[in-house]
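Survey of secondary and tertiary structure
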Amino acid sequence: MNQNSDAEPIQPNQVSANCAATDASQQKTAIKVFGIGNAGISMMQRLVDSGLQGVEFVAVNTDAASLLGSSATQKIHLETKLMRGMGTGGDPERGQAAAEEAAAKLKEICQGAGVVFIIAGLGGGAGTGISAVLARAARESGAIALGFVTTPFDCEGRRRQNAAQEGVEALREAADGVICLPNQKVFKLIDENTSVVSTFKLIGDLLADGVKGVWRLLAHPGLLDVHFGDFCAMMRDRHMESSFATTEAIGATRSREAMDKLLAHPMLDGGQLLAESDAVLVSLIGGPDLTMVEVNRVMGEIQGRCDGAHVMMGAAIDEKFCERLAITVIVARKGEAPHENARVRMKPEELETQLLSQTATTKPKSRLVPPAPELSPDKVEQLLTRQRAGGTRGRKASAKMRQGQLPLEIISKGRFDKSEPTIHMGEDLDVPTYIRRGISLN
Amino acid sequence: MFDPSSIIVGLEIGTSKVCAVVGELNAENALNIVGLGQARSRGVRKGEIADAPMAEEDVRNAIVEAEKMADVEIRSVYLGVTGGHLRGFNNRGVHPVVSADREISEEDVQDVIKNAKTINLPAQNHVIHAIRQHFLVDGQDGITNPVGMLGARVEVDVHVVHGNLNRLQNAIRSVKGLQLEVDDIVFSGLASSLAILTNEQKELGSLVIDIGGGTTEYVVYTNGIIKHTGVLAVGGDHVSNDLAYGLKVPLSRAEQLKIEHGSALMDDSVKGQNLAITNELGLPLKEINLENLRQIMSLRLEEIFQLIAHDLEQAGAIDYLRSGVFLCGGGARIAGIAKLAEQVLQMPVTIGKTNSISGLKSALDQPEFATAIGLVKFGSFQQRKRSAKATLTQGIKSTIGNFFKR
């Protein structure tokens, strides 16, 4: 958001989205939700059905059939000669190519939007390929691009996982913020008998909840406002592993109840995830009767659970929420090393396609275009060497570890072997004192 | 004698022995010890039951012996509990005095005590004791009875001892399995301190350390109230285990060596001395170094006292012990232990004597019976309270009855 200076014409729009205290007509143009690919469109359908007001829905796909089934306000069918009406065939590059071809059109649609939500299921062809291009187009047209994406189940195979990972990386570079929900996490919410259909419905609901949580923060008059800039700053670099949870409670003890439900929520590993997170976004929605004490209680509880994390909160009032309280938490933490490696591995290919692709070179130099191509050769090399060094170091370290673990003398605890150990200030008092103090007997 | 309410039994299921003591309240409400039964304990580790059938058998043996000696039938017992899961802390209750004249009434006192006893603990924890300490009236400390005083705010501290409910339940169940009732459970350390300390010593400030087989309990009294309690799940068993490990002898042999040759102190006389262990036929088996034996023991015992000293320092209780330290439990029998404790704790240390009860004097004046005797003493306090209440209600009943008769 710090590049705002050279984008005067769009600022009014942004302001309206940020302050979220505008009339309905302005909001209508302010927020656009894009569903991309089969998965994205079906997940967006949940949002359409839930009746978000003042939001325009756009369905984008390479496959005409799924567009027909969508009730989005606007439908865009991307087609290239290469596809011959067959869709992308699960190839992200084809999706990307199709999107690049239609970049101008996408940009046009994004025109006038303050915030663009991009909903996609990564791993396939359309969602993975198009979302990054769309994000770039949205930013170029002056909107803020925010990705809500899922990554595939582990059982869907390595190829899709890798593709999804690259998709996340690409989207991260292009969009202002990405919130990523690994589908695998949904397993915690389903039981033996949950059907595939209802599982996907659940994923759609979760994602829709996440979008709604953010949308409410931005679009509702807040007791405590969240500035979009802050939100983006929080999400940047942290979206490898995100998780959502939404809970609701009614009645006098609603704050406590909702909090209890939240802490027991399987998506947060029973509150465990809060402790490991390094950024947390809390969105509270209540009726006009929401009290500061309740807000304070919820926030105090959450803040206590995740010390060291960047906690951001917004509280909003919705007339319909009388006596109710909904808490939406988005928990993000930094990605892990393997993803970084995967990214390095794939980078050279990406560079080639960028050089070959016409659209990439003719791209207008906008404030929002990431300087990735210039930086990446150095970065690739640097990262590759680091990876190599890291690899050998890791091996060496593990070898050393193994040697260190060879026990010279096994300290048995004798008759206390099977009883509960007596641990006092980190010392096991069942082990003889003279051994713990390192006193040798002659 | 045949009034069952006058018979009070203390039962301690210890790590090394199970001990039942039978006491009797005579006509003047004075406590007299009439029976004692004990059995070697085999089902207990670190003060907690690890083998329930074994423990039950040992309890039965001890109870039967005590019944024979006292010539009574035991129906209910006061049960001593201990273990590393027990924790003690102080909690304060506050109550504003609302009456117009600011005089503190009996109800205010009841309310403030109730407030102090409402403790937020996890569901699986059970409060064993909530012992009242001093009252504070408008911040003024050290008031024992505030009724009738003037003030705006009454506060009271209680010392709470709590433990894991399931683990406490284990001990209770093995007693109930023998068709015995449990009158109450009592923290063993508290029982020992009741047996050993006189009121004067409680007033002056004392520390009682009960070094048992599996656990070491300690209780601090200052100004006549219980200030601090604690349990270390380390005891005589650990000493034996260290010896077995360090000297490479079987555990039973280590136990024997500890009793015959053990000492809490290292002295120069044992330097370089060897000890030949023989088997039952008198043939030499192996030689062990007496110096090593002493060193292993001394280090372990020293550590126990250091841990206690550290805990008391943390609790800020170590500076108020003007009457010194009293040792009891089987560990108090170790030669030189008082001297070692003096070195570590830097205050006078004596072996506690259970001299505040009449009865089988010579048999009972042993440090290891302190807990069981203390349990009987605790029971006698409860019994007196109960009988006082009973006579009160009886009195009321009879007056009402008389009223109607007339």
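Each remark here, short or long, concerns the structure printed above.
For clarity, every value in this text was computed on a predicted model and none was experimentally measured. Sequence order as written defines the numbering, with residues in each chain counted from 1. Whichever chain is written first becomes A and whichever ligand is written first becomes 1, with later ones labelled in order. Reporting in this predicted model follows two pLDDT cut-offs: at least 70 for local features of residues, and 80 or more for side-chain atom pairs to be given and counted; totals over whole chains, interfaces and linings ignore these cut-offs and use all residues. Water and hydrogen atoms were dropped before computing side-chain values, which therefore reflect all heavy atoms in the structure.

Time to look at the overall build of chain B. The helix and strand tally for chain B stands at 11 helices and 19 strands. Burial here depends on accessible area, computed with a 1.4 Å probe over protein chains only, as a share of the maximum for the residue type. Under 20% is buried, over 50% is exposed, and the range in between is partly exposed. Across the 406 residues that make up chain B, the buried fraction comes to 54%. Of the contacts made within chain B by residues no fewer than 6 positions apart, 66% connect residues no fewer than 24 positions apart. Working definition of accessibility: Shrake-Rupley area with a 1.4 Å probe, residue cover restricted to the visible protein chains. Of the roughly 18,700 Å² of accessible surface on chain B, a fraction of 50% belongs to carbon and sulfur atoms. Elements are defined by DSSP. Helices are runs of H or I of four residues or more, strands are runs of E of two residues or more, and each kind is numbered from the N terminus. Two residues qualify as a contact provided that any one of their heavy atoms is within 4.5 Å of a heavy atom in the partner residue.

What follows is about the overall build of chain A. Within chain A one finds 17 helices and 13 strands. Expressed as a percentage of the 442 residues in chain A, the buried residues total 49%. Considering only contacts within chain A whose residues lie at least 6 apart along the sequence, 76% involve residues at least 24 apart. Carbon and sulfur atoms make up 54% of the accessible area of chain A, which amounts to about 21,300 Å² in all.

Bringing the sheet that holds strand β2 (residues 55–61) of chain A into the picture now. Residue and element names in this part refer to chain A. Pairing between two strands requires that DSSP report at least two bridges joining them. Taken in spatial order, the 6 strands line up as β3-β2-β1-β4-β5-β6 in an open sheet, and their pairing is parallel. Of all strands in the sheet, those with a lone pairing partner are β3 (74–77) and β6 (177–182), marking the two edges. Taken over all neighbouring pairs, the strand axes of this sheet differ in orientation by 15° on average, direction set aside. Relative to strand β5 (residues 144–151), strand β4 (residues 115–121) is paired through 7 bridges, and the arrangement is parallel. Convention adopted: a line fitted to C-alpha atoms gives each axis, helices being fitted over their contacting stretch, and angles between N-to-C directions are expressed from 0 to 180 degrees.

So, on to the sheet that holds strand β18 (residues 349–351) of chain B. Residue and element names in this part refer to chain B. Across the sheet, which stays open at both edges, the 5 strands sit in the order β14-β13-β12-β17-β18 with mixed pairing between neighbours. Two strands lie at the open edges of the sheet, namely β14 (225–232) and β18, each paired on one side alone. Mean inter-strand twist for the sheet, computed between neighbouring axes without regard to direction, equals 20°. Taken together, the 3 bridges between strand β17 (residues 324–328) and β18 define a ladder with parallel strand orientation. By the bridge assignment for β18, Leu327 is matched with Ile351.

Our next topic: a positive patch on the surface. Residues and elements named next belong to chain B. Here, patches come from residues exposed beyond 30% relative accessible area and free of salt bridges, joined within 9 Å for like charges and within 5 Å for nonpolar side chains (Val, Leu, Ile, Met, Phe, Trp, Tyr). Definition used for salt bridges: Asp or Glu carboxyl oxygen within 4 Å of a side-chain nitrogen of Lys or Arg. In this charge count, Lys and Arg are treated as positive and Asp and Glu as negative; neither His nor the chain ends contribute. Charge positions come from single atoms, namely NZ of Lys, CZ of Arg, CG of Asp or CD of Glu. Taken together, the side chains of Lys117, Arg132, Lys385, Arg386 and Lys389 present a region of like positive charge at the surface. Element by element, the count of residues in the positive patch is highest for helix α11 (residues 370–405), at 3 residues. Among the secondary structure elements, Arg386 is positioned in helix α11. Judged by its relative accessible area of 45%, Arg386 is partly exposed.

All right, on to the packing of aromatic side chains then. Planes of paired rings set the category: under 30 degrees apart is stacked, over 60 is edge-to-face and the rest tilted, where pairs are Phe, Tyr or Trp rings (Trp by its six-membered ring) whose centres lie within 6.5 Å. Following the criterion strictly, the structure yields 3 aromatic pairs over all chains and no others. Measuring from centroid to centroid gives 5.8 Å for Phe117 of chain A and Phe148 of chain A, while their planes differ by 50°, and the two rings are tilted. Placement of the pair is Phe117 of chain A in strand β4 and Phe148 of chain A in strand β5, with a sequence separation of 31 residues. For the pair formed by Phe117 of chain A and Phe148 of chain A, the shared burial category is buried. Ring centres 6.3 Å apart and planes at 70° place the aromatic pair Tyr78 of chain B and Phe378 of chain B in the edge-to-face group.

For the rest of this paragraph, the subject is unusual backbone geometry. All names here are of chain B. Although it is not a glycine, Lys46 sits at a positive phi angle of roughly 55°. The residue Lys46 is located in the loop between β4 (44–45) and β5 (48–49) in this model. A positive phi is found at Asp71, a non-glycine position, where the angle reads about 60°. Within the secondary structure layout, Asp71 lies in the loop between α1 (52–70) and β6 (76–81).

Attention now moves to empty space enclosed by the protein. Residue and element names in this part refer to chain B. The definitions used throughout rest on a 1 Å grid laid over the protein atoms alone, on which a cavity is an enclosed set of points accommodating a 1.4 Å probe that cannot get out and a pocket is an open set flanked by protein within 12 Å on both sides along at least five of seven lines; lining residues are those having an atom within 4 Å of a point. Grid points are joined across faces, edges and corners, and a volume is the space filled by probe spheres set on the points. Following the criterion strictly, the structure yields 5 cavities of 30 Å³ or more and no others. Computed from the structure, the largest cavity encloses a volume of approximately 110 Å³. Listing elements by their share of the lining of the largest cavity, those giving two or more residues are β5, β6 and α3 (165–176). With 3 residues, the single largest contributor to the lining of the largest cavity is α3. When residues are sorted by character, Ala, Val, Leu, Ile, Met, Phe, Trp, Tyr, Cys and Pro go into the nonpolar class, Asp, Glu, Lys and Arg into the charged class, and all the rest, Gly among them, into the polar class. Counted by class, the lining of the largest cavity contains 5 nonpolar, 4 polar and 2 charged residues.

Residue and element names in this part refer to chain B. As used in this record, nonpolar core signifies buried Ala, Val, Leu, Ile, Met, Phe, Trp, Tyr and Cys residues forming a set joined through side-chain atoms within 4.5 Å. If you look at the biggest cluster of nonpolar residues, it comprises 64 residues, and the most contacted ones within it are Leu11, Ile13, Val22, Ile74 and Leu79. For Ile13, the contacting residues outside a window of four places in its chain are Val18, Val44, Ile49, Val59, Leu79, Ala171, Ser174 and Val175. Among the nonpolar cores identified, the runner-up in size contains 50 residues, and Leu232, Val239, Leu301 and Met347 belong to it.

Residue and element names in this part refer to chain B. Residue position: Gly47 is located in the loop between β4 and β5. Note on Gly47: relative accessible area 13%, which makes it buried. When residues no more than four places from it in sequence are discounted, the contact partners of Gly47 are Thr15, Thr82, Gly214 and Thr215.

Let us look at the environment of Pro348 of chain B. All names here are of chain B. Here Pro348 lies in the loop between α9 (337–345) and β18. Note on Pro348: relative accessible area 53%, which makes it exposed. Apart from residues lying up to four places away in sequence, Pro348 is in contact with Gly324, Val325 and Glu342.

Each partner contributes to the interface: chain B provides 24 residues, whereas chain A provides 26 residues. Taking both sides of the interface into account, the surface hidden between chain B and chain A amounts to around 2,300 Å²; carbon and sulfur atoms contribute 51%. Once two parts are joined, some of their accessible surface, as seen by a 1.4 Å probe, is lost; buried area is that loss totalled over both. When the area that chain B buries against chain A is broken down by residue, the three leading residues are Lys46, Tyr245 and Leu299 of chain B, summing to 27%. The interface formed by chain B and chain A contains 3 salt bridges. N or O atoms within 3.5 Å of each other form a polar contact, as long as, within protein, one can give a hydrogen and the other can take it, and as long as residues adjacent in sequence are counted only when both atoms are side-chain atoms. The tally of links from chain B across to chain A stands at 12 residue pairs in polar contact (both at pLDDT 80 or more). For the side of chain B that touches chain A, the elements supplying multiple residues, two or more each, are α6 (236–247) and α8 (290–315) of chain B. Examining the composition of the side of chain B that touches chain A, we find that 10 residues originate from one element, α8 of chain B, more than from any other.

On to the side chain of Asn91 of chain B. All names here are of chain B. Mapped onto the fold, Asn91 is located in strand β7 (residues 87–96). The exposure class assigned to Asn91 is buried, which follows from its relative accessible area of 19%. A polar side-chain atom of Asn91 sits 2.7 Å from the main-chain carbonyl oxygen of Ala116. Once residues lying within four places of it in the same chain are set aside, the contact partners of Asn91 are Ala116, Thr118, Ile119, Val156, Asp157, Val158 and Val160.

Residues and elements named next belong to chain B. The end-to-end C-alpha separation of α1 is 27 Å, in line with the 27 Å expected for 19 residues at 1.5 Å each. Ala55, Asp58, Val59, Ala62, Ile63, Ala66 and Ala70 are the residues of α1 that are buried. All buried residues of α1 project into a common sector of 130° when viewed along the axis, lining one side. Exposed residues on α1 whose side chains face more than 90 degrees from its buried face are Pro53 and Lys68. Asp71 sits one or two residues past α1 and shows a positive phi near 60°. Here, expected helix span is obtained from the residue count minus one, scaled by 1.5 Å. Throughout, the arc means that of the directions going from the helix axis to the C-beta atoms.

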